[in-house]
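# Commentary on secondary and tertiary structure
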Amino acid sequence: MSNYVFAPAMRASAAVGGSEQRFPVNRIFCVGRNYAAHAREMGFEPDREAPFYFTKSPSAIIASGGAIPYPPGTENFHHEIELVIALGQSGFRVPVGEALSMVYGYACGLDMTRRDLQLSAREAGRPWSLGKDIEDGAVISPIEPVQHALHPSTGRIWLSVNGDLRQDADLGDLIWSVPEIISHLSGFYHLRPGDLIYTGTPDGVGPVVPGDLLEGGIAGTGEISLRIADAA
């Protein structure tokens, strides 16, 4: 017998490559402007003062291969392909040299963004939530466990829209590496198994419209696809 006033939502989860098991999603952290070329296209000079983050709701997770409706409230809906870190161990104030021991695996992700709302919030000095925390806005491919994907530090990351190449870079271009991100973020949060970290996108971000097909991948990690449907 339940004490809930209504049935709770099903736990968000992601597929695991080569397995019928599911990866339970706890929290979603996203790193902002972690490629120099993307920082410049957004109007900023890149630096290494400190990484910064925003979050998405776990319920924003949606599997690669599906379709999402064009979201309400925007006229400038953007794609951002990213390497996703999936944590399998807890950690707090973790040294950089120990950070990779926390990783369960890696995936391709799409951080879908209402760019017009993000930019208007940024200009007003307000949070980015309406621009970034979008229903079905955290797309993810099956997570490849580290024994299959190893720990990618270099390799091509790319995205096309309707066959037109939009983003094409290398993971080696990350300003903050995977272990540095984990270590830094663990100074502010007690990181837990099930936490996902979207590590930032290369340059070439741009708008999509209903009917568009997004296809991309990361060398050694996997591929991702998404169809943009009409507004709900």
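Data block above holds the structure.
Predicted model only: the values in this text are computed from it and were never measured.

## Things to note about unusual backbone geometry
- Even without a glycine there, the phi angle at Asp-136 is positive, about 65°.
- The residue Asp-136 is located in the loop between helix 3 (129-132) and strand 11 (138-140) in this model.
- According to the relative accessible area criterion, Asp-136 is partly exposed, its value standing at 26%.
- Phi at Asn-162 is positive, roughly 55°, even though this residue is not glycine.
- Of note, Asn-162 is situated in the loop between strand 13 (156-161) and strand 14 (164-170).
- Exposure remark for Asn-162: the relative accessible area of 48% places this residue in the partly exposed category.

## Thoughts on the pairing of strand 8 (residues 81-87)
- Within strand 8, 7 of the 7 residues are buried, which leaves it mostly tucked inside the rest of the structure.
- Burial along strand 8 is two-sided: Ile-81, Leu-83, Ile-85 and Leu-87 facing one way and Glu-82, Val-84 and Ala-86 facing the other are all buried.
- Pairing geometry for strand 8 and strand 9 (residues 103-111), over 7 bridges, is antiparallel. Bridge assignment links Val-84 to a residue of strand 9, and that residue is Ala-107.

## Structural notes on the side chain of Asp-212
- Residue position: Asp-212 is located in the loop between strand 16 (206-207) and strand 17 (213-218).
- Reaching out from Asp-212, the side chain makes a polar contact with the side chain of Asn-162 at a distance of 2.7 Å.

## Overview of the packing of aromatic side chains
- The tally for this structure, following the rule as stated, stands at 5 aromatic pairs.
- Measuring from ring centre to ring centre gives 5.6 Å for Phe-23 and Tyr-104, while their planes differ by 35°; the resulting arrangement is tilted. One end of the pair, Phe-23, is in strand 2 (residues 22-24); the other, Tyr-104, is in strand 9, with 81 residues separating them in the sequence.
- The interplanar angle of 50° and the centroid separation of 5.7 Å between the aromatic rings of Phe-54 and Trp-128 together place this pair among those described as tilted. Pair noted here: Phe-54 is in strand 4 (residues 53-56) and Trp-128 is in the loop between helix 2 (115-123) and helix 3, with a separation of 74 residues, a long-range link. When sorted by exposure, Phe-54 lands in the same class as Trp-128, which is buried.
- Taken together, the ring pairs in this structure connect Phe-52, Phe-54 and Trp-128 into an aromatic cluster.
- Residue placement shows Arg-33 over the ring face of Phe-44; its charged tip is 3.6 Å from the ring centre.

## A closer look at the pattern of salt bridges
- Under the definition given, this model contains 7 salt bridges.
- The shortest N-O distance in the salt bridge between Arg-27 and Asp-195 comes to 2.9 Å. Note that Arg-27 is positioned in the loop between strand 2 and strand 3 (28-31) and Asp-195 in the loop between helix 5 (178-185) and strand 15 (196-198), a separation of 168 residues in sequence.
- Its relative accessible area of 25% is what places Arg-27 among the partly exposed residues.
- Residue Glu-80 pairs with Arg-115 through a salt bridge whose shortest N-O separation is 2.6 Å. Linking Glu-80 in the loop between strand 7 (77-79) and strand 8 with Arg-115 in helix 2, this pair joins segments that are 35 residues apart in sequence. Each member of the pair, Glu-80 together with Arg-115, is buried.
- What emerges from the salt-bridge pattern is a single network uniting Lys-56, Glu-80, Asp-111, Arg-115 and Lys-132.

## Considering the sheet that holds strand 10 (residues 113-114)
- Read from one edge of the open sheet, 3 strands run 10-7-16, paired in antiparallel fashion. Of all the strands in the sheet, the pair left with one neighbour each is strand 10 and strand 16.
- Note: strand 7 against strand 10, 2 bridges, orientation antiparallel. When the bridges of strand 10 are listed, His-78 appears paired with Thr-113.

## Focus: helix 5
- With 6 of its 8 residues buried, helix 5 lies for the most part within the structure.
- Regarding helix 5, the residues found buried are Val-178, Pro-179, Ile-181, Ile-182, Ser-183 and Leu-185.

Conventions we followed
- Residues numbered from 1 in each chain as written.
- Predicted model: local features only at pLDDT ≥ 70, side-chain atom pairs only at ≥ 80, totals over all residues.
- Heavy atoms only, no water.
- Helix = DSSP H or I, 4+ residues; strand = E, 2+ residues; numbered from the N terminus.
- Buried < 20%, exposed > 50% of the residue type's maximum accessible area, 1.4 Å probe, protein only.
- Pairing = 2+ DSSP bridges.
- Polar contact = N/O pair within 3.5 Å; in protein donor to acceptor, adjacent residues only side chain to side chain.
- Phe/Tyr/Trp six-rings, centres within 6.5 Å; stacked < 30°, edge-to-face > 60°.
- Lys NZ or Arg CZ within 6 Å of the ring centre and 35° of its normal.
- Salt bridge = Lys/Arg side-chain N within 4 Å of Asp/Glu carboxyl O.

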